[in-house]
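# Fold and contact review
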Amino acid sequence: MEVTVQTERWPLAATFETARQVMHDVPVISVVLRDRDGHCGRAEAAGVDYDGETPASMSTLIRSIVERGNETLSFAEITAALPPGGARNAIDCALWDLEAKRSGVSAHARAGVLIPQPLITALTLGLAESSELRRRARAASTHPLIKLKLDANRHLDVVRAVREEAPDARLVVDANQAWSIGLLDRLLPDLDDLGVEMIEQPLPRDHDDDLVGFDSPIVIAADESCTDRASLAALMGRYQAVNIKLDKSGGLTEALALAREARALGLDVMVGNMCGTSLAMAPAFLVASHARWVDLDGPLLLEHDRSPSMAYDNGLVFPPPAALWG
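Keep in mind that this is a model prediction, so the values were computed, not measured.

Scoring rules and cut-offs
- Residues numbered from 1 in each chain as written.
- Predicted model: local features only at pLDDT ≥ 70, side-chain atom pairs only at ≥ 80, totals over all residues.
- Heavy atoms only, no water.
- 1 Å grid on protein atoms, 1.4 Å probe; cavity = no way out; pocket = protein on both sides within 12 Å on 5 of 7 lines; lining within 4 Å.
- Points joined across faces, edges and corners; volume = space filled by probe spheres on them.
- Helix = DSSP H or I, 4+ residues; strand = E, 2+ residues; numbered from the N terminus.
- Nonpolar A, V, L, I, M, F, W, Y, C, P; charged D, E, K, R; others polar.
- Pairing = 2+ DSSP bridges.
- Axes fitted to C-alpha atoms, helices over the stretch in contact; angles between N-to-C directions.
- Parallel < 35°, antiparallel > 145°, perpendicular 65-115°, else oblique.
- Left-handed = near helix turned anticlockwise from the far one by under 90°.
- Contact = heavy atoms within 4.5 Å.
- Phe/Tyr/Trp six-rings, centres within 6.5 Å; stacked < 30°, edge-to-face > 60°.
- Lys NZ or Arg CZ within 6 Å of the ring centre and 35° of its normal.
- Salt bridge = Lys/Arg side-chain N within 4 Å of Asp/Glu carboxyl O.
- Buried < 20%, exposed > 50% of the residue type's maximum accessible area, 1.4 Å probe, protein only.
- Expected span 1.5 Å × (residues − 1).

## Quick look at empty space enclosed by the protein
- Throughout the structure, instances matching the rule amount to one cavity of 30 Å³ or more.
- There is about 110 Å³ of room inside the largest cavity.
- Taken together, 13 residues make up the lining of the largest cavity; nearest its centre are N89, L246, D247, N273 and A280.
- Counting only elements with at least two residues in the lining of the largest cavity, the list comes to helix 8 (246-249) and helix 10 (278-287).
- Per element, the largest residue contribution to the lining of the largest cavity is four residues, and it comes from helix 10.
- Class assignment of the residues belonging to the lining of the largest cavity gives a composition of seven nonpolar, three polar and three charged.

Here it is in structure tokens:
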């Protein structure tokens with residue numbers, strides 16, 4: 001098995017600001033697996049930056065597997081050898097693509113998604129100065145679902161401005177761990193009145209216990225607090241939903257299992273992304289069949305995308321073409 005790893009940087013169409021960082025581009029790794037018969041599987045990973053993952057660290061982990069000299073790679077081998085995170089995600093998703101190319105059976109068929117359909121995806125608006133935020137909201141006003149990045153100081157004013165500019169859109173918000181339980185409690189009535197239907201990771205992930213017994217009229221979803229199935233037990237009684245990202249779970253294999261187990265436990269599911277090109281969104285699209293909220297807008301935030309790419313049309317994301325992945 002030949003394994004190629006490359007580092008890439010994809011420029012954003014505009015500066016993207018969250019409670020945690022300001023981004024101008026998206027650093028990723030791309031992985032190509034090639035077998036002796038010439039079949040290729042491809043994948044992309046951005047990794048989990050807040051856990052210290054970088055393209056360099058992910059590449060090092062992947063090369064440690066390659067240096068063992070295995071002629072083949074299996075899902076079981078990479079799960080045993082690599083922790084959840086971007087490196088395992090890249091290899092896992094490349095294996096899914098390789099198996100599809102080898103067998104002629106699509107990844108969506110193997111995942112049990114027999115007839116993929118277009119899905120509504122959120123369009124994310126980063127933090128910005130008021131006039132720029134309103135301009136972006138007007139441009140997004142025909143999208144059926146908008147996701148807003150908030151922080152400890154910019155919250156209700158952001159939601160009110162976007163609600164005024166996009167009165168018909170469904171709204172979800174993401175505080176990226178920036179709030180306290182007191183601030184969450186204070187904001188909830190107004191957020192509810194403004195029609196916000198879900199709040200993503202309001203508290204730092206080491207403050208999950210503050211949500212025990214907390215009564216919220218709005219669904220609260222774990223993002224940074226949810227990695228793979230091993231994290232679910234600690235979320236029960238605290239969150240009502242989980243945001244599944246392939247970079248966190250360590251690939252499509254675990255993400256699908258996580259989605260099924262979360263739903264069996266009564267948790268709603270969101271499928272999200274760490275930003276990136278269509279190659280990163282394509283495998284995540286298969287998890288979206290289990291999701292109440294889909295947030296696969298990474299390519300919409302970029303200056304340009306890969307070719308071939310996934311198709312987007314006014315809030316809809318279409319299944320990935322086989323020439324791209326799967």
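More follows now that the structure is in view.
## Topic: the sheet that holds strand 6 (residues 145-149)
- Judged by pairing direction, the sheet is parallel, and its eight strands sit side by side in the order 5-6-7-8-9-10-11-12 without closing on themselves. Only two strands of the sheet have a single partner each, and these edge strands are strand 5 (123-125) and strand 12 (293-294).
- Of the strand pairs in this sheet, strand 7 (residues 170-174) and strand 8 (residues 196-200) are connected by four bridges, and their pairing is parallel. Residue pairing across strands places D174 opposite E200, the latter belonging to strand 8.

## Quick notes on the packing of helix 5 (residues 130-139) against helix 6 (residues 156-165)
- At a closest axis distance of 8 Å, the pairing of helix 5 and helix 6 adopts a crossing angle of 40°. Between helix 5 and helix 6, the angle is such that the two are oblique. Relative to helix 6, helix 5 is oriented so that their crossing is right-handed. In this structure, helix 5 contributes L133, R134, A137 and R138 to the contact, and helix 6 contributes V158, A161, V162, E164 and E165.

## A word on the packing of aromatic side chains
- Under the defined criterion, the tally for this structure stands at one aromatic pair.
- Judged by centre distance (6.1 Å) and plane angle (65°), the ring pair of F75 and W96 falls under edge-to-face. Of this pair, F75 sits in helix 2 (residues 75-81) while W96 sits in helix 3 (residues 86-103), and the two are 21 residues apart along the sequence.
- Here the basic side chain of R110 rests over the ring of W96, its NZ or CZ set 4.4 Å away from the ring centre.

## Notes on the sheet that holds strand 4 (residues 119-120)
- Strand order in this open sheet of three strands is 4-14-13, and the pairing throughout is antiparallel. This sheet does not close on itself; its edge strands, each paired only once, are strand 4 and strand 13 (312-313).
- Bridge count for strand 13 against strand 14 (residues 316-317) is two bridges, and the pairing is antiparallel. In the strand pairing of strand 14, D313 is matched with L316.

## Digging into the pairing of strand 2 (residues 22-34)
- With twelve bridges joining them, strand 1 (residues 2-17) and strand 2 adopt antiparallel strand pairing. Across the sheet, the residue bridging to T7 is I29, located in strand 2.
- Sheet analysis places strand 2 next to strand 3 (residues 40-45), joined by six bridges and oriented antiparallel. Bridge pairing in strand 3 places V31 opposite A43.
- Between strand 2 and the antiparallel strand that follows it, strand 3, lie five residues; G38 among them carries a positive phi value of about 90°.

## Re the pattern of salt bridges
- Inspection of every chain in the model, using the stated rule, returns 26 salt bridges.
- Two residues, R135 and E132, come together in a salt bridge whose shortest N-O distance is 2.7 Å. Of the two residues, R135 and E132 are both situated in helix 5; the distance of three residues between them amounts to about one turn of the helix.
- Assessed through its relative accessible area of 24%, E132 is described here as partly exposed.
- As a salt-bridge pair, K147 and E200 come within 2.9 Å of each other at their nearest N and O atoms. Here K147, found in strand 6, pairs with E200, found in strand 8; they are 53 residues apart in sequence, far enough to count as distant. We note that K147, like E200, is buried.
- In this structure, a network of salt bridges that share partners links the residues K147, K149, D174, E200 and D295.

## Digging into helix 9 (residues 252-264)
- Helix length check: helix 9, at 13 residues, gives a terminal C-alpha distance of 18 Å against a target of 18 Å (1.5 Å per residue), a fit within 8%.
- Every buried residue of helix 9 is accounted for by L252, E254, A255, L256, A257, L258, A259 and A262.
- Positive phi shows up at G266, right after helix 9, with a value of about 90°.

## Regarding the layout of surface pockets
- The computed volume of the largest pocket comes to approximately 500 Å³.
- Secondary-structure elements contributing two or more residues to the lining of the largest pocket are strand 1, strand 2 and strand 6.
- Of all the elements, strand 2 adds the most residues to the lining of the largest pocket, at four residues.
- For the lining of the largest pocket, the residue count by class is ten nonpolar, seven polar and 13 charged.
- Estimates place the volume of the second largest pocket at around 290 Å³.
- Forming the walls of the second largest pocket are 15 residues, and the residues nearest its centre are T124, L125, R136, L300 and L301.
- Those elements giving two or more residues to the lining of the second largest pocket turn out to be strand 1, strand 5 and helix 5.
- Take the lining of the second largest pocket: its biggest share by element is five residues, from strand 1.

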